[in-house]
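# Per-entry structural report
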Amino acid sequence: VVFIMARFRGGMAYTLGMVRAFSSASSSFSSLAVATEGVAKGGGFRSSVSGVQAVIFGSTGFLGRYVVNAVARGGTRVILPNRADDQEFMHMKVMGDLGQIVGFGNNSTPHILRDEALLGKALEGADVVINLAAREYETPNYKFGEINVDIPKRLARLAKAAGATKFVQTSCVGAASDAPNAYLRSKFDGEDAVRSEFDDASIVRLATLVGAEDRSTRDVATWVLKSPFTPLWDGGDTRFRPLHVADAAAGINIVAKSDDHAGKTLTFVGPKVFTKKEFADMVVKEVREPDNTLPLPLTLGLAMARAKEVVTNRLPFQPPAWALDPNMTSDALLALSDGCHYDPTDAELAGADLKSVGIEPRDISKGLSLEHLRAYRYEGIDYGSTATDAGQSVSLYKRHATQADGWQEMDVDAKVRKDIR
């Protein structure tokens, strides 16, 4: 009885605590401003205190966690406005010392990017503001015009009013007023909108990013493993220069800290030019699967995407995740057309790329940049359907042989090597 009463009282206390927390959500967002003069200490590493406060929007996304890590590494206090509970950014708390990574928002603020009062509180005391929030495809909640234009403009205006000295807006390679698709045009309009409110804002245009949580290599790997073929629209001839996400984050951090890049537009791309076909071949080789890529005309892909959108755009509810595949929308496919300036030349990048901020971008086809794709290998990271290394095949054969009924000792190595030959 005592145990049951204790559990009941504990449950009631927890419930009442949650009710109080949500009922006082607005009052709980007290000022985040801290005194910064004279507080800098340490050698400039993660446990130092730089005296700088940075607010990062879009921190829970793919690029966001890397930018938070890069910024917090120097002892900067980082504010993370978000629209969910603490679990959404809990993994980033360890990127800074105690109290240096501060979340702002919870389940009661799902539309924080539209609430100027809350945004104003989040920006209090900010020295640097970095906006990573964006959408590559439209959803029922956010259209291109709002998330890529209106919200960046709002953040720039409020950051200026809060006294921030630096504003960094991320954009996309290929952004132009005459770009072939709505997404790239909206990113260009967003750049102009930010500069209209914060004239010396820094714009960073990013190439396709590669990393453990990306939607570039992992999407290709998923197609290779789960589909009868992997489509290469427009023959897979589109050229681009993929960039590792850690290099992009390091560059953004330097731009945010330095006065030398205020008011500039920089383009961060990888050092190597790939075609879509070459990129897919690299992923196929890494996951050790048979090549099932199939060149297809872009007109067929556009017809399929538009037919799907006719249905999904009229649904009275949120479409399923597969229907919102950002790589299979008509807008995304239009970016593969010849009119998209997706492969800037070295001459056009002179003085405005990663090297200009002191970062030497890595070649994603070498080293550990594609290590995350090993998880897609059949039977485990040491194997794969097309593994040709004798040692790997021997291990795989032994594993299967020992699980068979009536297995007996045999010269496994010789048998497998003979099969390979």
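Look up a bit, the structure's there.
In this report, we go over the structure that sits alongside the text.

So, how was this worked out
- Residues numbered from 1 in each chain as written.
- Predicted model: local features only at pLDDT ≥ 70, side-chain atom pairs only at ≥ 80, totals over all residues.
- Heavy atoms only, no water.
- Helix = DSSP H or I, 4+ residues; strand = E, 2+ residues; numbered from the N terminus.
- Buried < 20%, exposed > 50% of the residue type's maximum accessible area, 1.4 Å probe, protein only.
- Areas by Shrake-Rupley, 256 points an atom, 1.4 Å probe, with all protein chains shown as cover.
- Pairing = 2+ DSSP bridges.
- Axes fitted to C-alpha atoms, helices over the stretch in contact; angles between N-to-C directions.
- Contact = heavy atoms within 4.5 Å.
- Salt bridge = Lys/Arg side-chain N within 4 Å of Asp/Glu carboxyl O.
- Phe/Tyr/Trp six-rings, centres within 6.5 Å; stacked < 30°, edge-to-face > 60°.
- Lys NZ or Arg CZ within 6 Å of the ring centre and 35° of its normal.

## Quick notes on the overall build of the chain
Counting its regular elements, the chain contains 14 helices and 13 strands. The 421 residues of the chain split such that 45% are buried. Summing over all exposed atoms, the chain offers an accessible surface of approximately 21,300 Å²; the carbon and sulfur share of this is 54%.

## Here's the deal with the sheet that holds strand E4 (residues 128-131)
Taken in spatial order, the seven strands make up an open sheet running E3-E2-E1-E4-E5-E6-E11, and their pairing is parallel. Of all strands in the sheet, those with a lone pairing partner are strand E3 (101-104) and strand E11 (265-268), marking the two edges. Taken over all neighbouring pairs, the strand axes of this sheet differ in orientation by 20° on average, direction set aside. The pairing of strand E5 (residues 166-172) with strand E6 (residues 202-206) spans five bridges and is parallel. By the bridge assignment, Ser-171 is partnered in E6 with Arg-205. On top of the sheet, helix H6 (residues 182-197) reaches E5, E6 and E11; it is set at about 165° to E5, its chief contact.

## Describing the pattern of salt bridges
Inspection of every chain in the model, using the stated rule, returns 14 salt bridges. Asp-259 is the partner of Lys-166 in a salt bridge, and the nearest nitrogen-oxygen pair spans 3.0 Å. Of the two residues, Lys-166 is situated in strand E5 and Asp-259 in the loop between helix H8 (245-257) and E11; the sequence distance between them amounts to 93 residues. When salt bridges that share partners are traced, they join Glu-116, Arg-154 and Arg-157 into one network.

## Focus on the packing of aromatic side chains
A complete count under the given rule lists five aromatic pairs for this structure. A ring pair is formed by Phe-240 and Phe-279, whose centres lie 5.3 Å apart and whose planes are at 65°; its orientation type is edge-to-face. Placement of Phe-240 in strand E9 (residues 239-240) and of Phe-279 in helix H9 (residues 276-287) is noted, with a sequence separation of 39 residues between them. Judged by its relative accessible area of 2%, Phe-240 falls in the buried class. Sitting above the plane of the Phe-198 ring, Lys-160 keeps its charged end 4.5 Å from the centroid. In this structure, Lys-276 is placed above the aromatic ring of Phe-240, and the distance from its NZ or CZ to the ring centre is 4.3 Å.

## A look at unusual backbone geometry
A negative phi angle characterises most non-glycine residues, just as the trans form characterises most peptide bonds. Positive phi values are uncommon outside glycine, yet Arg-288 reaches one of about 55°. Its place among the elements puts Arg-288 in the loop between H9 and strand E13 (293-296). Take Arg-288: its relative accessible area is 17%, and that puts it in the buried class.

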